[in-house]
Amino acid sequence: MTGAETDQTFRTAIVPAAGLGTRFLPTTKVVPKELLPVVDTPGIELVAGEAAESGAKRLVIVTSPGKEAVVGYFRGSPELEETLERKGKTALLEKVRRGPGLLDVEVAIQHEALGLGHAVAQAEPNLGPEDTCVAVLLPDDLVLPTGVLSRMAEVRAAHGGSVLCAFDVPREQISAYGVFDVAETADDDVKRVHGMVEKPAPDQAPSTLAAAGRYLLDRAIFDALGRITPGSGGELQLTDAVALLIEEGHPVHVVVHRGGRHDLGNPGGFLRAAVDFALEDPEYGPSLRTWLAERIGTLRS
């Protein structure tokens, strides 16, 4: 086993993708939200690419009946590939092959929408004894730049337990988030977590560190998920399982990510992500930048 392999603290990433995508209806009647393109790449491929970049070898997509297309996206398309190759469309061929080539993809089915914790629990049968911890990536969250999972793996190697990602949010906006109650460590961007408060009033928030959609969870999380009780709506919440582990002395830390994020879970956030990515695209960026400047100018006049 090489040094790189022994240093890697997770092999498997879990992506919960069982939601109905109601905020994108009527499109999501037939197209899963996770396959909607950010410019020309589905959001779930961006998240899978992030997991692969951080060392994951396997992706378990937790989906619901009727959303098989999400997993199918990561399978090869021999006829399409052959056609593109025959026509010499090399760049398109590389794009088509990119997703299936990222990592091994498996499926777990969530038959009922019983919360994020329940969704993550459905992936346990896919794990092997070598999976002492797993990464969980919420596909609605694009965390930019990529790389926070690698930093989280370093923190787990140093402190053990579970590691979550946090953003420092202005206090006046904090009531929209789950907020961490933390203690300082020797690293300004790493905090020890003592608890979590959902959507507190700004003057009652224990910090300004809000949860983002990246988790590096010790295997003990599955035992905790089996022992928590459903909350509102009969759902099992992942944060409740993390809170139980904290109560029992399990170390939990957050890494404060100083980059940006996009929320692909609603049309407004999705549009911002598409514009952001398109502006960085060498093919579309220059003309889009010019058009946006002109369009915004007409709104001001």
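Conventions and cut-offs
Residues numbered from 1 in each chain as written. Predicted model: local features only at pLDDT ≥ 70, side-chain atom pairs only at ≥ 80, totals over all residues. Heavy atoms only, no water. Buried < 20%, exposed > 50% of the residue type's maximum accessible area, 1.4 Å probe, protein only. Helix = DSSP H or I, 4+ residues; strand = E, 2+ residues; numbered from the N terminus. Contact = heavy atoms within 4.5 Å. Axes fitted to C-alpha atoms, helices over the stretch in contact; angles between N-to-C directions. Parallel < 35°, antiparallel > 145°, perpendicular 65-115°, else oblique. Left-handed = near helix turned anticlockwise from the far one by under 90°. Nonpolar A, V, L, I, M, F, W, Y, C, P; charged D, E, K, R; others polar. Disulfide = S-S within 2.5 Å. Pairing = 2+ DSSP bridges. Polar contact = N/O pair within 3.5 Å; in protein donor to acceptor, adjacent residues only side chain to side chain. UniProt positions renumbered as here; feature names shortened; annotations may be inferred. Core = buried A, V, L, I, M, F, W, Y, C linked by side-chain atoms within 4.5 Å. Salt bridge = Lys/Arg side-chain N within 4 Å of Asp/Glu carboxyl O.

Another point: helix α9 (residues 238–247). Buried within α9 we find L238, A241, V242, L244, L245 and I246. Looking at the buried side of α9, the elements it contacts are α6 (116–121), β10 (190–198), β11 (209–218), α8 (220–225) and β12 (252–256).

Packing of helix α4 (residues 78–86) against helix α5 (residues 90–98) leaves a shortest axis separation of 8 Å and a crossing angle of 160°. Our classification of the angle between α4 and α5 gives roughly antiparallel. Our pair here, α4 against α5, has a crossing hand that is left-handed. Within the contact between the two elements, α4 uses L80, E81, L84 and E85 and α5 uses L92, L93, V96 and R97. Classifying every residue of the contact of α4 with α5 by side-chain character gives five nonpolar, no polar and three charged.

Here the focus is the state of the cysteines. What is meant by a disulfide is a covalent connection between two cysteines, made through their sulfur atoms. On inspection of all chains with the given rule, the structure shows zero disulfides. Free cysteine C133: the closest other cysteine sulfur is in C165, separated by 16 Å. What makes C133 buried here is its relative accessible area of 1%. By relative accessible area, C165 is classed as buried at 1%.

With that settled, consider the packing of helix α10 (residues 267–280) against helix α11 (residues 285–300). Contact pair α10 / α11: the axes reach a minimum separation of 7 Å and the direction vectors enclose 125°. The orientation of α10 with respect to α11, classified from their angle, is oblique. Across the interface between the two elements, V275, A278 and L279 from α10 touch G285, L288, R289 and L292 from α11. Among the residues making up the contact of α10 with α11, the classes are represented as five nonpolar, one polar and one charged.

Before going further, it helps to examine the pairing of β12. Within β12, five of the five residues are buried, which leaves it mostly tucked inside the rest of the structure. A two-sided burial pattern is seen for β12, the buried positions comprising V252, V254 and V256 on one face and H253 and V255 on the other. Bridge count for β10 against β12 is three bridges, and the pairing is antiparallel. By the bridge assignment, K191 is partnered in β12 with V254.

What follows is about the environment of P251. Position of P251 among the secondary structure elements: in the loop between α9 and β12. For the pair P251 and Q237, spaced 14 residues apart in sequence, the C-alpha separation works out to 19 Å. The contacts of P251, once residues within four sequence positions are left out, are H159, G160, G161, S162 and R192.

Turning to the side chain of E50, a few remarks are in order. Locating E50 in the fold gives a position in helix α2 (residues 43–53). Judged by relative accessible area, which is 3%, E50 ranks as buried. In terms of polar contacts, E50 uses its side chain to reach the side chain of R214, at 2.9 Å. Not counting chain neighbours up to four residues away, the residues in contact with E50 comprise L137, T146, V148, L149 and R214.

This next bit is on the UniProt feature "domain: Nucleotidyl transferase" (unreviewed entry) in the protein. According to UniProt, the feature "domain: Nucleotidyl transferase" (unreviewed entry) maps to residues 13–276 in the numbering used here. End C-alpha atoms of residues 13–276 are separated by 26 Å, and the span's content is 30% helix alongside 27% strand.

Right, let's talk about α2 for a bit. Every buried residue belonging to α2 is among G43, I44, E45, V47, A48, E50 and A51, and all of these are buried. Following α2 by one or two positions, G55 adopts a phi angle in the positive range, close to 110°.

Another aspect to go through is the nonpolar core. Residues I44, I61, L137, M152 and L216 are the most contacted members of the largest nonpolar core, which totals 44 residues. If one sorts the elements of this core by residue count, helix α7 (residues 148–159) sits on top with five residues. With residues near it in sequence (within four places) discarded, L137 still touches A13, I14, V15, P16, V47, E50, A51, L149, G213 and R214. Counting 34 residues, the second-largest nonpolar core is a separate cluster that includes V62, L127, A211 and A241.

A separate point is the pattern of salt bridges. A full pass over the atoms with the stated rule returns 18 salt bridges. Salt-bridge contacts for D187 lead to R151; the nearest nitrogen and oxygen are separated by 2.5 Å. With D187 in the loop between β9 (178–184) and β10 and R151 in helix α7, this residue pair connects regions lying 36 residues apart in the sequence. Judged by its relative accessible area of 28%, R151 is partly exposed. As a salt-bridge pair, D189 and R258 come within 2.7 Å of each other at their nearest N and O atoms. Residue D189 is found in the loop between β9 and β10, and its partner R258 is found in the loop between β12 and β13 (260–263); the two are separated by 69 residues along the sequence. Accessibility expressed as a relative area gives 54% for R258, which makes it exposed. Salt bridges sharing partners connect three or more residues here, namely R58, E106 and D131.

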